[in-house]
Amino acid sequence: MFADTLLIIFISVGTALLSEGITYILVYRTETYKKLKAEVEKQSKKLERTKEALGDSSDKNQKKKLERQEEKLKTNSRDLSMVKMKSMIVIAFTFTSLMSMFNSIFDGRVVAKLPFTPISWLHGISHRNLLGNDFTDSSFIFLYILCTMSIRQNIQKLLGFAPSRAAAKQSGGFFGQAQPGVK
Amino acid sequence: MATRRRGNVDNQPPSVSLTEGLPSVWQRAFSAKSQWPEKDEFLDVIYWMRQTIAILAGLGWGLLPFRGFFGIAIFCALNAGILYIYFTSFQQVDDDDFGGPWELTKEGFMSSFALFMVVWIIVYSAVFFD
């Protein structure tokens, strides 16, 4: 059981690095992405400052200026997501095949023992393809999802690929934590 | 703690200028009432503290062991509580500068929760079922 658990952590780290690697090759290193990201960050901070300065003011000109800034930010955010789309498609294809491979390897195997009984609507994931009614048995997919949730964001942060907070805040979680590994 | 940033705009003032003359992030993180002119630096401190708490709590909960939703509830309360005390009483930052206490509380919460679950499950399985 412990060997399986370690293997899942290793797989999770590996897939997180793979997805960041693919994204780096296809997106992060491109000039278009760098330019757009810098632009979005700059505009987000500018918009934040403008909003702070404006407060509850009802000046129509200021409001129009704010709307223009928001519109520009939206356009750039959309362009940025289009740039990211290419890598997301490649990652989706890669992970779909990888996941089916891992699912067949770990099919019917209890990879860990949960110290709690998951709520009923999580049984489909936590007890996927497992025999018996002991819901403290954990399936591969449940542990893999948890590993991905924790490891991927930390790897992104350590590598410096995490989206900036200002941009994420302004675009309402637009750059929020994507989980391409969880299919 | 030092999350690297990429893609800085040329015409933006470099972030170093705001923190010039101040001690390192590490020193400020463990000194009371430090100055945080760069908001992201403080949020990074909060983020990595949460991850550390998650690992330590996961290890502790797995070894003791804590079982059931009691363990999850205690972790959530501890994680939120320790960091709340840290930024209100120890650092005494004005949470409005960061978008309110909720913004600071949710910074890195989900990934720390997932990390806690992973460590808790692994340690518990390894110690009691292997």
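Since the structure is predicted, the reported quantities are computational estimates derived from the model, not experimental observations.

## Observations concerning the interface of chain B and chain A
Moving on, step 1. Each partner contributes residues to the interface: chain B has 35 residues there, and chain A has 32 residues.
Moving on, step 2. Taken over both partners, the interface formed by chain B and chain A buries close to 3,100 Å², and the fraction arising from carbon and sulfur atoms is 64%.
Moving on, step 3. The shortest N-O distance in the salt bridge between Asp44(B) and Lys157(A) comes to 3.3 Å.
Moving on, step 4. In this structure, the connection of chain B to chain A is made through six residue pairs in polar contact (both at pLDDT 80 or more).

## Details of the confidence of the model for chain A
Moving on, step 1. Averaged over chain A, the pLDDT score is 83; the fraction of residues at 70 or greater is 88%.
Moving on, step 2. pLDDT under 50 marks residues 173-183 of chain A. Its contacts with residues more than four places away, or in other chains, come to 28 contacts.

## Observations concerning the UniProt feature "transmembrane region" (unreviewed entry) in chain A
Residues and elements named next belong to chain A.
Moving on, step 1. Feature annotation in UniProt places "transmembrane region" (unreviewed entry) on residues 6-27 and 88-106, given in this structure's numbering.
Moving on, step 2. Along residues 6-27, the helical share is 100% and the strand share 0%, with 31 Å between the first and last C-alpha atoms.
Moving on, step 3. The span residues 88-106 carries 95% helix and 0% strand; its end-to-end C-alpha distance comes to 26 Å.

## Things to note about a positive patch on the surface
Residue and element names in this part refer to chain A.
Moving on, step 1. A cluster of basic side chains, namely Lys45, Lys46, Arg49, Lys60, Lys64, Lys65, Arg68 and Lys72, defines a positive patch on the protein surface.
Moving on, step 2. Among the secondary structure elements, those contributing two or more residues to the positive patch are helix 2 (31-54) and helix 3 (60-105).
Moving on, step 3. Element by element, the count of residues in the positive patch is highest for helix 3, at five residues.

Rules behind the numbers
Just so you know, the residues in each chain are numbered from 1, in the order the chain's sequence is written. The naming scheme follows written order: chains are lettered A onward, ligands numbered 1 onward. Where local features are concerned, this predicted model is filtered to residues with pLDDT of at least 70; where side-chain atom pairs are given and counted, the filter is 80 or more; whole-chain, interface and lining totals use all residues. Each side-chain value is derived from all of the structure's non-hydrogen atoms; neither hydrogens nor water enter the calculation. Residues count as neighbours in contact if any of their non-hydrogen atoms are within 4.5 Å of one another. Accessible area that two parts lose when put together, evaluated with a 1.4 Å probe and summed over both, is termed the buried area. For this document, the term salt bridge refers to a Lys or Arg side-chain nitrogen within 4 Å of an Asp or Glu carboxyl oxygen. A 3.5 Å cut-off defines polar contacts: any pair of N or O atoms within that distance qualifies, except that in protein one atom must be a possible hydrogen donor and the other a possible acceptor, and neighbouring residues in sequence count only when both atoms are side-chain atoms. Confidence of the predictor at the level of single residues is given by pLDDT, which spans 0 to 100. UniProt positions are given in the numbering used here, feature names are shortened, and annotations may be inferred rather than shown by experiment. Numbered from the N terminus, helices here are DSSP runs of H or I no shorter than four residues, and strands are runs of E no shorter than two. A residue counts toward a patch only above 30% relative accessible area and without a salt bridge, and it is joined to like-charged neighbours within 9 Å or, for Val, Leu, Ile, Met, Phe, Trp and Tyr, to nonpolar neighbours within 5 Å. Residue-level accessible areas treat just the shown protein chains as cover; the underlying method is Shrake-Rupley with a 1.4 Å probe. Positive charges are assigned to Lys and Arg, negative charges to Asp and Glu, while His and the chain termini are left out of the count. All charge positions are set by atom: Lys at NZ, Arg at CZ, Asp at CG, Glu at CD.

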